[in-house]
Amino acid sequence: MITKNPSLDLIEFIETQILPQYAAFDKAHNMEHVTRVIRSSLDLARRTGADLNMAYAIAAYHDLGLSGPRAIHHVTSGKILMADHRLRRWFSADQLRMMKEAVEDHRASASRSPRSIYGKIVAEADRDIEPELVIRRTIQFGLSNYPQFDKEEQWRRFMKHMDEKYSVNGYLRLWIQGSENERKLNELRSLIINRAKMREVFDRIFAEESNL
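In this report, we go over the structure that sits alongside the text. (Residues numbered from 1 in each chain as written. Predicted model: local features only at pLDDT ≥ 70, side-chain atom pairs only at ≥ 80, totals over all residues. Heavy atoms only, no water.)

### Things to note about the nonpolar core
So, point 1. In terms of nonpolar packing, the biggest core is built from 38 residues, with Phe13, Ile14, Ile38, Tyr61, Leu87, Phe91 and Met99 touching the most fellow members.
So, point 2. Mapped by element, the contributors of at least two residues to this core are α1 (8-18), α2 (31-48), α3 (52-61), α5 (93-104) and α6 (117-126).
So, point 3. By residue number, the principal contributor to this core is α3, which donates nine residues.
So, point 4. Apart from residues lying up to four places away in sequence, Met99 is in contact with Met54, Ala57, Ile58, Leu81 and Phe91.
So, point 5. Counting 20 residues, the second-largest nonpolar core is a separate cluster that includes Ile139, Met159, Leu172 and Val201. (Core = buried A, V, L, I, M, F, W, Y, C linked by side-chain atoms within 4.5 Å. Buried < 20%, exposed > 50% of the residue type's maximum accessible area, 1.4 Å probe, protein only. Helix = DSSP H or I, 4+ residues; strand = E, 2+ residues; numbered from the N terminus. Contact = heavy atoms within 4.5 Å.)

Structure below.
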């Protein structure tokens, strides 16, 4: 049965036992990030007719693996979800397997399409491609993880990431056609091409984030 809203007891469990773990992560993957992914996942689940309990839990667990190595966080997140026996209260074994696969498939660098609609939902929800937000999160990540870099080194790291992930030749793929992200990605790509304009935006947000 497809629900119109997530179960209240599932919401209570997620909000008290799962979401607080995101407070330990960097600014680009904190509580604000996971709640945004949850909201977007629920919107996409309603649009596609997917199960809201599943979409909600998948979104809540999708980045928990950041407690370990970032490169395999999607795999670790899936293992964390599958190992959490408390979820059996709401989900069958088949549902949990599909949810684990969806968490594994959310990573932006994945070369293949997610294995189910749930993987596509969380992958799309995780890609909030509002240009200014993407730029800010990338700067935040650089400041948090490379504090030894000066501003010019941060700029070079920033643009390398923009080119590798978001440019027309980047690895980012959108899995739900006609989404708002598609329009936003085109905006961001226009900025990436216009290096002078991108540098203006970078300088402004870098100053805000580094309190210069």
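Back to the text.
### Quick word on the packing of aromatic side chains
So, point 1. Evaluated as defined, the whole model comprises seven aromatic pairs.
So, point 2. Taking 5.0 Å as the distance between ring centres and 25 degrees as the angle between the ring planes, the aromatic pair formed by Tyr146 and Phe149 counts as stacked.
So, point 3. Each ring, one from Trp155 and one from Phe202, has its centre 5.1 Å from the other, and the planes form 65 degrees; the classification is edge-to-face. With Trp155 in helix α8 (residues 151-166) and Phe202 in helix α10 (residues 195-210), the pair connects residues that are 47 residues apart, well separated along the chain. The residues Trp155 and Phe202 share a single accessibility class, namely buried.
So, point 4. Counting every residue linked through ring pairs, the aromatic cluster contains Trp155, Phe158, Phe202 and Phe206.
So, point 5. Seen from the ring of Trp155, Arg199 lies directly overhead, with NZ or CZ sitting 4.8 Å from the centre. (Phe/Tyr/Trp six-rings, centres within 6.5 Å; stacked < 30°, edge-to-face > 60°. Lys NZ or Arg CZ within 6 Å of the ring centre and 35° of its normal.)

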